[in-house]
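# Summary of the model geometry
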Protein chains: 2
Amino acid sequence: MSYVAPLKDMMFVLNELAGLSQVNALPGCEDASPETVEAVLEENAKFCGEVIAPLNVIGDKEPSYWHDGNKVTTTKGFKEAFKAFGEAGWQGVQHPTEFGGQGLPKLVATPCIEMLNSANLSFALCPLLTDGAIEALLTAGSDELKATYLENLISGKWTGTMNLTEPQAGSDLALVRSRAEPQGDGTFKVFGTKIFITYGEHDMAENIVHLVLARTPNAPEGVKGISLFVVPKFLVNKDGSLGERNDVHCVSIEHKLGIKASPTAVLQFGDHGGAIGYLVGEENRGLEYMFIMMNAARFAVGMQGIAVAERAYQKAVAYARERIQSRDLAGSAGPVAIIHQPDVRRMLMSMRSQVEAARALAYVAAAAYDAAHHSADDAVRKANQAFYEFLVPIVKGWSTELSIDVASNGVQVHGGMGFIEETGAAQYYRDARILPIYEGTTAIQANDLVGRKTARDGGATAKAILAQVRRTEEELSASDNPDLAAIRAQLASGSKALEDVVNFVVNNMKSDIKGVFSGSVPYLKLAGVVLGGWQMARAALVAERKLKAGEGDAKFHQAKIGTARFFADHILSQASGYRTSIVDGSAGVMALAEDQF
Amino acid sequence: MSYVAPLKDMMFVLNELAGLSQVNALPGCEDASPETVEAVLEENAKFCGEVIAPLNVIGDKEPSYWHDGNKVTTTKGFKEAFKAFGEAGWQGVQHPTEFGGQGLPKLVATPCIEMLNSANLSFALCPLLTDGAIEALLTAGSDELKATYLENLISGKWTGTMNLTEPQAGSDLALVRSRAEPQGDGTFKVFGTKIFITYGEHDMAENIVHLVLARTPNAPEGVKGISLFVVPKFLVNKDGSLGERNDVHCVSIEHKLGIKASPTAVLQFGDHGGAIGYLVGEENRGLEYMFIMMNAARFAVGMQGIAVAERAYQKAVAYARERIQSRDLAGSAGPVAIIHQPDVRRMLMSMRSQVEAARALAYVAAAAYDAAHHSADDAVRKANQAFYEFLVPIVKGWSTELSIDVASNGVQVHGGMGFIEETGAAQYYRDARILPIYEGTTAIQANDLVGRKTARDGGATAKAILAQVRRTEEELSASDNPDLAAIRAQLASGSKALEDVVNFVVNNMKSDIKGVFSGSVPYLKLAGVVLGGWQMARAALVAERKLKAGEGDAKFHQAKIGTARFFADHILSQASGYRTSIVDGSAGVMALAEDQF
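Rules used throughout
Residues numbered from 1 in each chain as written. Chains lettered and ligands numbered in written order. Predicted model: local features only at pLDDT ≥ 70, side-chain atom pairs only at ≥ 80, totals over all residues. Heavy atoms only, no water. Axes fitted to C-alpha atoms, helices over the stretch in contact; angles between N-to-C directions. Helix = DSSP H or I, 4+ residues; strand = E, 2+ residues; numbered from the N terminus. Parallel < 35°, antiparallel > 145°, perpendicular 65-115°, else oblique. Contact = heavy atoms within 4.5 Å. Nonpolar A, V, L, I, M, F, W, Y, C, P; charged D, E, K, R; others polar. Buried < 20%, exposed > 50% of the residue type's maximum accessible area, 1.4 Å probe, protein only. Pairing = 2+ DSSP bridges. Least-squares fit on C-alpha atoms with pLDDT ≥ 70 in both. UniProt positions renumbered as here; feature names shortened; annotations may be inferred. Polar contact = N/O pair within 3.5 Å; in protein donor to acceptor, adjacent residues only side chain to side chain. Buried area = accessible area lost by both parts, 1.4 Å probe. Salt bridge = Lys/Arg side-chain N within 4 Å of Asp/Glu carboxyl O.

Residues and elements named next belong to chain B. Contact pair helix H11 (residues 378-413) / helix H17 (residues 520-549): the axes reach a minimum separation of 9 Å and the direction vectors enclose 100 degrees. As summarised for this structure, H11 and H17 are arranged roughly perpendicular, according to the angle between their axes. Where H11 abuts H17, its residues Phe387, Phe390, Leu391, Pro393, Ile394, Gly397, Trp398 and Glu401 lie against Tyr523, Leu524, Lys525, Ala527, Gly528, Val529, Leu531, Gly532 and Trp534. Of the residues belonging to the contact of H11 with H17, the class tally is twelve nonpolar, three polar and two charged.

If you want it as structure tokens, here you go:
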């Protein structure tokens, strides 16, 4: 079964929940009219379904491989597909027209990124990392660096990487040891070993632009002594042509649980005299710039979670329709398709409702990003930036954690066949497992949510969002639809739980830091289910209004209400358990001494 | 890191929660004194740790393979290990001395099974299935069949299999099509294709004794027309020596997500004239007999869940102690082992507490089985049988579902390294995924719990168990320990939620069967967390008593209370969410028409 993009749901979320027409009204977003956007998405859906999705299974079976000491050959078909991807302009959707991009809002790029990742998570990682490199150069690169690299990155002729991790420095970048020595001519020589470098070496592009964290001589210890460098695989001549091979080499790639077609490289810098590097921005501000890439990448990894969950859902639905087994519980003459069984239905609804909720929340976040970047009004920009930044760790952490649950349910729907690799459901379960780890583990996201996003402003942003949730609760109260009443009840308990937890975090941060951080991941998940539930509630309100007005596709709107109802009773209902874990649970977390484990 | 059996916890559960000394007092269980049992478990721990555990990784890397049209060669070392296993008497722990077994209670066999599975899930499947075959022959086999097969199965010279599934007949055995034609001499010729046959072919034993479901001519349709046959790989001569090769052949094995060393065979019966089979018990009662095997096997698969979760936990603890990364939140000069980070601690406690709770519940169930089989008192036997049967679907369904969560957390604790296959954490995540599927999916277990175990007796067994839980709550009330008070609070909400749900099931079964079954899996999980929480609460009471009396290992008892506290606040606290899903959630489950997915 191939991938069919859920365009109807995407357009519903864009228009009804994320406010595409408001984004379209922002300065610089004039091209993103709902009609144009729909046409772009249709085109992207076609490309992803026809060109990229068919390469997903073969990428898993015949992964990229390392050979000849420093070369990586990607899965057959990837190179041609990437060329087509670049030529069609898909790398440039959200990047400035000045460097050849399409200059469309993040709200439009977001569903494109979802589709590409649903089609093929491994393939999509290459553009994802390239987006990050583009972002960093746009923000902090000199005019010369921009002129040298951006156009070719945006056209897909070259690709980009992020080089953070070293064997001793994973989540803790203070431990980075790679070093960069100034050569007196403005360039540096970079030395060190970087691991877990996604698409750190491959054969899909003419050049690879590595963005590398390293320390200059006499830099301060810790994270304040890290600088960011561009280290291209091939040096670039003044005229833009490719010059000498730089001293960065892929010495191996990893044998992984999933996303096997995506080469995860160990890169050795400077073993043959030093890799030529160019400083990005100012010395010792590398972490700050890297965070620009990381925040974009974190949001995109959240989209990967939604994307793989959507694909797993589609596959499970297809199997549940076709697998004939057991009679209908309500009594049927012969065996029926398993989609009639209540528990299969429950699993499918669980998958579907989580995907829809996470999608809605992510697209709403993307719209806030656009308002934060394009609004003419300072206050609007500020409020939207705070809202977006609050949501990034949730989009990343919650969407990726749920993708594992969804992919696991996808295997379960297939029964014994799900455990057989040929079936294909297991690949999503394996692929999804990296998502809550890379670009900052769920704990890292949760710590960000607790520290920078909640405690720092005394819970102000969180409470502003809760006030919006309360307004949705009021709207729900006005409805006489029993599904909306049930949704309101769960949303009200959920938002109360979230409010309690925000107060708990703010009030205890100083007196009991370990106690607060003991509940950081449950807090992130609580925020995810409540804010996801909020979006589903908003969706149900829109659907009810349209149904009453006799507008649009009634079946779609009825399904939206049913899905929102499921989410409320089965997912949002977990809120009180999370609240207990956070508010009462730190004693248990820290109860044992290290030697009692 | 190798496997170290958690003997201290096992003995604590056996002695303090499962009542080993009461089991020892039962007629026929005189050999199972606490001292003897401890010695047996120590010996088993040594064997599993030294002989079986080292074969786990190699079995994953170099799985069993199929060749020469019908042969399977198992991973190097498996054959020798299985010989040693049989010779040491481990296959016979729970089987009658009459046929060469050790005749020990199920309560003693259960930790042995846990250890073997922790050491190597793939390896342990061969004895697990053999146990099932022994059980079926003991219950329904003729004296001749018993005399021919049992001794060699119990000694580990031969192995057994269960042949249920066919391509069109998975969860629904009514669809079985294999047929058995009487030959007039008391034997049958069996024809058909069986799939997913664990250790259906291998090189570890001289003979393989297949127990096969098939239909005799003119048998009724559906499950009432299925008979059970013994079909040995090699026919057995009158003198017990091996005769001709029977017409059952392995035509392929599956390429699976996990448990790769365990060959999963497609068996073809009768393609060359018919496979000679021997009827077990009476015609058309095959399913009934198969359920004997299945109930034993279901309990054992529940133990597999606990076992793989324990192994994943041990590996995660070891990594968390050794991986140095980031400073301590409370402030430390340099980076510390990640076991100091609150969220790592939370994950480890989540893993640990779920394993301990599931272990306690399973061992308590095993003790009930022994009382049900050995007590001299009819009423005691009956009550214990009902208790055991209620727990079997929970032990199977809940322990296996949580094993995925635990193994997934195990990967997460390892960060990026967890996704690299060489690390070994990913193997548990892959291996565990089959457990909620085979021997009856979680939905099948949950339907059993709802239908046969709850609705059939009007909730009587469930309520009798709840009354016991309430007594534990009262004991907790008498304590002045704040941890016990917190545990009591969560146990009380949990047991109330479970009571509500039992009433909901009993009251709505007739009027709204789909509505009730929509909540069957959440009900199973609710029962798991409440009854697991009950056992942890009992454990905390014992630990507190011992601490006050100054008896035993204080650190162990403090850790037990801390772990019980964690379970209460973080796992048992999910009860109210499950209650909502079940009582209010069926509308959402069935909201969509088939064509709306």
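Next comes the rest of the write-up.
In this section: the pairing of strand E7 (residues 227-232) of chain A. Residue and element names in this part refer to chain A. A large share of E7 lies buried, amounting to six of its six residues. The alternating pattern of E7 places Ser227, Phe229 and Val231 and Leu228, Val230 and Pro232 on opposite faces, both of which are buried. As paired strands, strand E6 (residues 207-214) and E7 are joined by six bridges and run antiparallel to one another. When the sheet's bridge partners are listed, Val209 is paired in E7 with Pro232.

Superposing chain A onto chain B takes a rotation of 180 degrees combined with a translation of 0.0 Å along the rotation axis, leaving an RMSD of 0.0 Å. The superposition of one copy onto the other is thereby described by a two-fold rotation axis. A high fraction, 100%, of the interface residues of chain A reappear at the interface in chain B, so the copies pair face to face through one surface.

What follows deals with helix H1 (residues 7-17) of chain A. All names here are of chain A. Buried residues of H1: Asp9, Met10, Met11, Phe12, Val13, Leu14 and Leu17, and no others. Looking at the packing, one finds that the buried side of H1 touches helix H2 (20-24), helix H3 (34-52), helix H6 (106-119), helix H10 (342-374), helix H17 (520-549) and helix H18 (554-571). Residue Gly19 follows H1 closely and has a positive phi angle near 70 degrees.

Let us now look at the packing of helix H13 (residues 442-455) of chain B against H17(B). Residue and element names in this part refer to chain B. Contact geometry of H13 with H17 gives a least axis separation of 8 Å together with a crossing angle of 80 degrees. Regarding the angle of H13 to H17, the classification is roughly perpendicular. Residues Thr442, Ala443, Gln445, Ala446, Asn447, Leu449, Val450 and Thr454 of H13 touch H17, and the partners they reach there are Ser520, Val521, Tyr523, Leu524 and Ala527. Tallied by class, residues from the contact of H13 with H17 come to eight nonpolar, five polar and no charged.

This next bit is on the UniProt feature "domain: Acyl-CoA dehydrogenase/oxidase N-terminal" (unreviewed entry) in chain A. Under the present numbering, the feature "domain: Acyl-CoA dehydrogenase/oxidase N-terminal" (unreviewed entry) in UniProt falls on residues 73-157 of chain A. For residues 73-157 of chain A, helix accounts for 66% and strand for 1%, while the C-alpha atoms at its two ends are 17 Å apart.

Another aspect to go through is the side chain of Asn120(B). All names here are of chain B. Relative to the elements of secondary structure, Asn120 occurs in the loop between helix H6 (106-119) and helix H7 (121-140). Within the structure, the side chain of Asn120 is placed 3.1 Å from the backbone nitrogen of Phe123, a separation counted as a polar contact. What Asn120 contacts, discounting residues up to four positions off in sequence, is Ile52, Leu55, Asn56 and Phe78.

The UniProt feature table records "domain: Acetyl-CoA dehydrogenase-like C-terminal" (unreviewed entry) at residues 466-592 of chain A. The span residues 466-592 of chain A is 83% helical and 0% strand by assignment, and the distance between its end C-alpha atoms comes to 35 Å.

Our next topic: the interface of chain A and chain B. With 91 residues of chain A at the interface, the matching set in chain B holds 91 residues. Approximately 7900 Å² of surface area, both sides summed, lies buried where chain A meets chain B, with 60% of it carried by carbon and sulfur atoms. Among the residues of chain A in contact with chain B, Phe419(A), Tyr429(A) and Phe597(A) are the three that bury the most area, contributing 11% of the side total. The interface formed by chain A and chain B includes four salt bridges. Asp328(A) is paired through a salt bridge with Lys514(B); the nearest N and O atoms lie 3.2 Å apart. There are 46 residue pairs in polar contact (both at pLDDT 80 or more) connecting chain A and chain B. For the side of chain A that touches chain B, the per-class residue count stands at 39 nonpolar, 29 polar and 23 charged.

Let us look at unusual backbone geometry. Non-glycine residue Glu439(A) carries a positive phi angle of around 55 degrees. Structurally, Glu439(A) is set in the loop between helix H12 (425-432) and helix H13 (442-455). The backbone of Asp68(B) shows a phi angle near 55 degrees, a positive value even though the residue is not glycine. Relative to the helices and strands, Asp68(B) is located in the loop between strand E1 (65-67) and strand E2 (71-73). A residue is classified by how much of its surface remains accessible, and Asp68(B), at 62% relative accessible area, is exposed.

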